Every structure is written in C-alpha cells, then in structure tokens.
Amino acid sequence: MGLNIFKKIKELIDSKNRIKYSDELKKAEKLLDDGKYEEAIKIYEKLEKEGILKGLDYANVAYAYYNIGDFEKALNYVNKALKYKDRPELWFLKGLILYNLKKYDKAYELLAKSAIYIKRSDVYKALGDILVKFEKYEEALENYLKAYKLNNKNLEALYNAGLILLLLNRVEEAYEIFKEIYTKEPKFKNHEIFKEIENFVEIIDNDIFSNIKLGINFLENDKQIEALKEFNKVLEIDKNNDFAYYYKAVVKEDFYEYGSSLENIINSLNIFERSYFYSKKGDILLRLNNLNEALECYEISLLINENNIFAYFGLAYTYYKKGDYENSLKYFDKVLENISSNLSKKIEAILILYSLICKGDITKEAIFYRKALEFLDDYHDMPICIKKMRAYINYKLGNISQAINDYLEILNIFLDKDIIKNVIALYIEIGRIDEALYYAEKYKHILGEDYIEKIKNNKLSIDSPLNHYPTIYFILDEIPYHVSILYKYIHKNPIISYLYAEYIEKYILELVYDNRKKELLKKLIDIVKHNLGEEMYKFMKSPENYVPSNSVIYEIKDIVINLNGII
C-alpha cells in the first residue's frame, strides 16, 4: 500500500515540475519544428538534469540527434523513450537510427513491425532502402511503390523505384517513372540527365548518319565547303556529336585554319576522349610546330588504342622533323605493319607511300622507292596527292622524264606553285634550260619576277612530299558509326546506350549481310541489353561519380574494334 502512495506523490511532483518548465518544453518543441535541432538538444539536456523529461521528450531528443547525424546518442535516447512506452512510432524511429548505424537486420525487423500499425509513406520508403541493402530488389521495388501510393509527393521513393527498374533491366518502365517525376517536378535531382535522354530520343529519329556520310564523301572529293555544311547540319540536330566536330577539324586543317581546327578537335575530346581524336590533335599541333605536344598526344592515343595507325604515322613524321631518324624509321615500320582493310584507298596509299619515301630518304636505299612504285602499279584513278608522290618517286629513281610528265599531268588539272618549281628544277637537272625558262616565264605571275634569276643561279631543289604533312582521317561506315556512338554512351550515359542498342537491333541489324559481323553485332546488343542493369543503376544514382565497370568495357570494346568502330 505504501509503495502506491509514494508513486502517486512522485507523479504529483513530476506533474508540478512539468508545469513549472512548460515554457521551456514548448520552446524546445518549437525549435524542433523549425529544424533548429542543436538548440533544442541544449534545452532538453538541461531539463533532463532537472528530471523533467518523459517518454515523448526522450523521443524528441532522439529525433533531434538523428537529424544532426549523431546516431549513437539518438539510439540511447530512443531506448529511454521505449522504456516509457513500446509504440510503433518509436519502432519506426529506432529502425531509422539502426539503419544509419548499418545494423540492417534489426532495423528491418523494427520497420516491418511498425508498418503493420503505421501506414506511412516514409515507413515503406525506409523498408525499400533496407531491402536494397539485402539485394532483395523486387521487394524493395514493391515497398517504394507503396510509399509513393500513400504519398504522391514522395518523389524520392518513386525515383528509387525507377532505379530498381533500371537495375532489373526494365528500362521502358523506368523511363515512364522518371517521366512522371520530371513532369511533376521539372527540377528534381538529375533532371538534366532525363532531358538528355529525351533529347536523344528526338535525335535518333533524325537520320544523322546520312549527313555524316555525305560530308565524308564531299571530303574525299575535295569539296570541303559542301562537307562543312553537312557536318554543321549534324551539330544543329545533335550538339554533342563528337564525329561532326572531328570532321570539321579535318576540313579546317585542309583550309590551313589550324587554330579553328584545334578548337574543333578539342570540342570532340571534351565530348568523348577517343584515340583517333588525340591523334588528330597531334596532327594539328605538328602543323603548328608544337612537336613535343604532338608527341604527347600520339602517345595518349596509343594508350587508348595500341593499333591506331594514325598515331604511329604521326610519331614517325614528328621524329623525322626532329631529326630523330632511328625513332622515325621504327614508327614508319609500325605504320606498314598495321595497314588494315578498313582504311580508304586514298588514305592507305598516303600512309604506305609516305612511309616508303621517308625510309628511302633516310636510308638512301632505292629499294624503298621501287616498292613504292610497285604499289602504284595497281592504283588507278589517282587523286592529285598520290600523283605528286608518284612524280617524286620517279625523280628519286632517276626517271626524270617520267617525273616531269607526272608533274605536267598535275598542272593540266590545277596550278600548284610547288609543282611548277619542280618541273623547272627537273628541266634544269637534265640540261633543258629553254624549257625551264619557258615555264618560268609562263608562270611568273605565280612564281614572281625574281624566279628567273634563281634559275640562272641554279638555286633550285625538288620539293619533297615529306615537306608537307598530309591530311589523314578515318572513314566511317554505318555500322562502325553506330557501334562507336553506342560505345561512347556506355561511358557517358548507359541508359542511352541501352536505348541505342534497341534502335540498332530494330533498324540497323538487318543492314548487315556479313555473317561474322552480324553475329558480333548481335552479341554486342545482347551484352548491352542484359548486362547494363547495374551500370544504369549506378549512373542514375550518382552520375557525377559514375565510372563504367572494366569487365563491361573490355568485352564491349573488343567487339567495337572488331566491327571497325572508333574508340
């Protein structure tokens, strides 16, 4: 009986004390509501020393510590609150605290128990978070969707449901969820990524490759202005088309506008760092006589793709200009070893002829010029750049009359100052001064009045092709173009890569008639559509930290290379 009396007396005293401190309790609660957790904690700790706090107060302190990230203290106070009353709201709070302390099993047990009594969105959202930790993705998805159903303002839960759908390779469903989120809240996190995906869907409806291909055809036929127009059309549709910038760099290189060329290739590299973009940057720096920077670009290029023949060619020519003939010969040999069938006829000829001419000029061995001439025996309908090299090779082999005829053939097509000088120099070399003076007089408006004096003083030499670095570039066919774009997006946005794989499967696969290539392309599509779930999940969860898994990249990279893609 006495114990009950003492208990009643204590409750009376506690009640009177709480009335005494009611203003401070209300102030602490107001601070909690305002999110001023540390100020609230100070008041509660002061009142705790006075013995004033009850169960709800301890829960408030736990909540405050939870919000400032001190989970150990939060756990201590929620346990004190639970001693007063074991209730679902406290199970929920303790479950959240334990989750942050990485005690997932106990956290799940408490949250699941609280969900029986509390039909709240944040309870199911928390359960979904823990189920993700347990890798129970289907159950996590179910809980996230329940959370959103209970509160359609809980876009975080819906976003997480979209992430799980990506992980499960249910991309179309994920797309619809993200669409719903960004329709409701256009500035919700990672909205730029969704916008990029939507833009891609629009871009893919345009036949961009036809413009790329037409531009390349113009480039191959020395119609640079028409080529430039096509590449600009591509960039009007897709401002992040790295290949359009690459070919613009090539056009500007042909126009001797090296500053503009460098700007365009840097644009390409800023979009995606491909081996062939670095080798083109090296070409431009070489033309600007920044030889060491050029070498650095070629070396980086080879780190990305050790079989990049343009990088080997650039290294060979740069070392030749530096007077390092040992390294020059080494890399020209690499060029000849890596000649492949996916080069255009003109580019292949340029690489082979330059390599052989340079080896001949360095070693003084005529065999290299003879091999170059043998190669040209099977070359018909030569472009002018190849005809110039044939003339020079004939000159080096002592076939002076043939060399003159070769140069004159070029002059019948278009006037070239260096070719006129070569014709005059060769006539002088074989003692036909009258012909030399005839051409000097005929073209004095190009050569200048003082050129006849140079003839009389015999201060003439033959202009070597090695004095002029050629414009070289890769030719993109349709399949290599599409797999190269796919490869870019695996690094930049794997969701787009997945959508692009579907596009290739539906519209491009039927265009492949080579059985080996068709099987390779099918394999690539299968990998992207079935192995990118985790990549898409990682990317959309934290795009700024996204790095694709090496295991995925290596397998895809090998197939892209085998399909003549550009990496």
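The structure contained in this document is the topic of the report that follows.

Thresholds, definitions, all that
- Residues numbered from 1 in each chain as written.
- Predicted model: local features only at pLDDT ≥ 70, side-chain atom pairs only at ≥ 80, totals over all residues.
- Heavy atoms only, no water.
- 1 Å grid on protein atoms, 1.4 Å probe; cavity = no way out; pocket = protein on both sides within 12 Å on 5 of 7 lines; lining within 4 Å.
- Points joined across faces, edges and corners; volume = space filled by probe spheres on them.
- Helix = DSSP H or I, 4+ residues; strand = E, 2+ residues; numbered from the N terminus.
- Nonpolar A, V, L, I, M, F, W, Y, C, P; charged D, E, K, R; others polar.
- Contact = heavy atoms within 4.5 Å.
- Axes fitted to C-alpha atoms, helices over the stretch in contact; angles between N-to-C directions.
- Parallel < 35°, antiparallel > 145°, perpendicular 65-115°, else oblique.
- Left-handed = near helix turned anticlockwise from the far one by under 90°.
- Phe/Tyr/Trp six-rings, centres within 6.5 Å; stacked < 30°, edge-to-face > 60°.
- Buried < 20%, exposed > 50% of the residue type's maximum accessible area, 1.4 Å probe, protein only.
- Lys NZ or Arg CZ within 6 Å of the ring centre and 35° of its normal.
- Salt bridge = Lys/Arg side-chain N within 4 Å of Asp/Glu carboxyl O.
- Core = buried A, V, L, I, M, F, W, Y, C linked by side-chain atoms within 4.5 Å.
- Expected span 1.5 Å × (residues − 1).
- Arc of directions from axis to C-beta.

**A look at the layout of surface pockets**
Here is step 1 of the chain: Within this model, the largest pocket holds a volume of roughly 1100 Å³.
Here is step 2 of the chain: If you go around the largest pocket, you meet 37 residues; those closest to its centre are Asp 254, Tyr 256, Cys 385, Lys 388 and His 468.
Here is step 3 of the chain: At five residues, helix H23 (residues 384–396) tops the list of elements feeding residues into the lining of the largest pocket.
Here is step 4 of the chain: Across the lining of the largest pocket, the residue classes break down as 20 nonpolar, six polar and 11 charged.

**Quick notes on the side chain of Asn 211**
Here is step 1 of the chain: Assignment of secondary structure puts Asn 211 in helix H13 (residues 208–220).
Here is step 2 of the chain: When neighbours within four sequence positions are excluded, Asn 211 is seen to be in contact with Glu 230, Lys 233 and Val 234.

**A few points about the packing of helix H18 (residues 291–304) against helix H19 (residues 309–322)**
The axes of two packed helices give the description: the angle between them and the distance between them.
Here is step 1 of the chain: Following both chains from N to C, one finds H18 and H19 inclined at 155°, their axes separated by 9 Å at the closest point. Relative to H19, the element H18 is oriented roughly antiparallel. In this structure, the crossing between H18 and H19 has a hand that is left-handed. Contact residues: H18 offers Leu 291, Asn 292, Leu 295, Tyr 298, Glu 299, Ser 301 and Leu 302, while H19 offers Phe 310, Ala 311, Tyr 312, Gly 314, Leu 315, Thr 318, Tyr 319, Lys 321 and Lys 322.

**Some thoughts on empty space enclosed by the protein**
Here is step 1 of the chain: Throughout the structure, instances matching the rule amount to one cavity of 30 Å³ or more.
Here is step 2 of the chain: Considered as a void within the structure, the largest cavity measures approximately 50 Å³ in volume.
Here is step 3 of the chain: Around the largest cavity, the lining residues are Leu 166, Val 171, Ala 174, Tyr 175, Phe 178, Phe 194, Ile 197, Ile 495 and Leu 499.
Here is step 4 of the chain: Elements represented by at least two residues in the lining of the largest cavity include exactly helix H11 (171–184), helix H12 (191–204) and helix H30 (494–508).

**Details of the packing of aromatic side chains**
Aromatic ring pairs are described here by two measures, namely the spacing of the ring centres and the angle between the planes.
Here is step 1 of the chain: For the structure shown, the criterion picks out 43 aromatic pairs.
Here is step 2 of the chain: Between the aromatic rings of Trp 91 and Tyr 117, the centroid separation amounts to 5.7 Å while the plane-to-plane angle is 65°, which identifies the pairing as edge-to-face. Of this pair, Trp 91 sits in helix H6 (residues 88–100) while Tyr 117 is found in helix H7 (residues 104–117), placing the two residues 26 residues apart along the sequence.
Here is step 3 of the chain: Summarising the aromatic geometry, the rings of Phe 313 and Phe 332 are spaced 6.0 Å apart at their centres and angled 75° between planes, so their arrangement reads as edge-to-face. You can see Phe 313 sitting in helix H19 and its partner Phe 332 sitting in helix H20 (residues 325–337), a full 19 residues away along the chain. Summarising the burial analysis for this pair, Phe 313 and Phe 332 share the class buried.
Here is step 4 of the chain: Here the aromatic cluster, defined as three or more aromatic residues joined through ring pairs, consists of Phe 209, Phe 231, Phe 243, Tyr 246, Tyr 247, Tyr 276, Phe 277, Phe 310, Phe 474 and Tyr 481.
Here is step 5 of the chain: In this structure, Lys 113 packs its charged tip against the face of Trp 91, placed 4.1 Å from the ring centre.
Here is step 6 of the chain: The ring of Tyr 379 carries Lys 345 above its face, with NZ or CZ at 4.5 Å from the centroid.

**Quick word on the pattern of salt bridges**
Here is step 1 of the chain: Taken as a whole, this structure holds 31 salt bridges when the rule is applied.
Here is step 2 of the chain: A salt bridge links Glu 89 to Arg 87, with the nearest nitrogen and oxygen atoms 3.4 Å apart.
Here is step 3 of the chain: Residue classification places Arg 87 among the partly exposed positions, given a relative accessible area of 36%.
Here is step 4 of the chain: Among the salt bridges present, the one from Lys 529 reaches Glu 502, with a minimum N-O distance of 3.8 Å. Of the two residues, Lys 529 sits in helix H31 (residues 515–531) while Glu 502 sits in helix H30, which places them 27 residues apart along the sequence.
Here is step 5 of the chain: A relative accessible area of 24% means that Glu 502 is categorised as partly exposed.
Here is step 6 of the chain: Connected via shared salt-bridge partners are Glu 253, Lys 280, Asp 283 and Arg 287.

**Some points on the side chain of Asp 242**
Here is step 1 of the chain: Here Asp 242 lies in helix H15 (residues 242–254).
Here is step 2 of the chain: Aside from chain neighbours lying at most four places away, what touches Asp 242 is Ser 268, Ile 271, Phe 272, Arg 274, Phe 277, Ile 485 and Lys 488.

**Considerations on the nonpolar core**
Here is step 1 of the chain: The biggest cluster of nonpolar side chains holds 215 residues, and the ones touching the most others in it are Phe 178, Ile 212, Tyr 247, Ile 424, Phe 474, Leu 521 and Leu 524.
Here is step 2 of the chain: Among the elements that line this core, the one with the most residues is helix H21 (residues 345–363), at 11 residues.
Here is step 3 of the chain: The residues contacting Leu 521, other than those within four sequence positions of it, are Ile 479, Val 483, Ile 504, Leu 509, Val 512 and Leu 563.

**Here we look at H20**
Here is step 1 of the chain: Helix length check: H20 (13 residues) gives 18 Å between terminal C-alpha atoms against 18 Å at 1.5 Å per residue, within 8%.
Here is step 2 of the chain: Within the span of H20, buried status applies to Ser 328, Tyr 331, Phe 332 and Val 335. Around the axis of H20, the buried residues are gathered within 105° of arc, so they sit on the same side. Away from the buried face of H20 by more than 90 degrees, exposed residues Glu 326 and Glu 337 are located.
Here is step 3 of the chain: As for H20, its buried residues are in contact with H18, H19 and H21.

**Topic: unusual backbone geometry**
Here is step 1 of the chain: With a phi angle near 60°, Asp 222 is a residue other than glycine that sits in the positive phi range.
Here is step 2 of the chain: Position of Asp 222 relative to the elements: it lies in the loop between H13 and helix H14 (224–237).
Here is step 3 of the chain: Taking relative accessible area as the criterion, Asp 222 reaches 54% and is therefore assigned exposed.
Here is step 4 of the chain: A positive phi is found at Tyr 256, a non-glycine position, where the angle reads about 65°.
Here is step 5 of the chain: Its location among the elements puts Tyr 256 in the loop between H15 and helix H16 (258–271).

**With respect to H30**
Here is step 1 of the chain: Buried residues dominate H30, accounting for 11 of its 15 residues.
Here is step 2 of the chain: Taken as a whole, H30 has its buried residues at Pro 494, Ile 495, Ile 496, Ser 497, Tyr 498, Leu 499, Tyr 500, Ala 501, Tyr 503, Ile 504 and Ile 508.
Here is step 3 of the chain: Tucked into the core, H30 has its buried residues touching helix H10 (155–167), H11, H12, helix H29 (478–492), H31 and helix H32 (533–541).

**Considerations on the packing of H30 against H32**
Here is step 1 of the chain: At their nearest, the axes of H30 and H32 sit 8 Å apart, and the two run at 140° to each other. In terms of orientation, H30 lies oblique with respect to H32. Here Pro 494, Ile 495 and Tyr 498 of H30 come into contact with H32, specifically with Glu 535, Met 536, Phe 539 and Met 540.
Here is step 2 of the chain: Considering only residue class, the contact of H30 with H32 consists of six nonpolar, no polar and one charged.

**Focus: the environment of Phe 209**
Here is step 1 of the chain: Position of Phe 209 relative to the elements: it lies in helix H13.
Here is step 2 of the chain: In sequence terms Phe 209 and Ile 393 are 184 residues apart; their C-alpha atoms lie 39 Å from each other.
Here is step 3 of the chain: Beyond its immediate stretch of four places on either side in the chain, Phe 209 contacts Leu 476, Asp 477, Glu 478 and Tyr 481.

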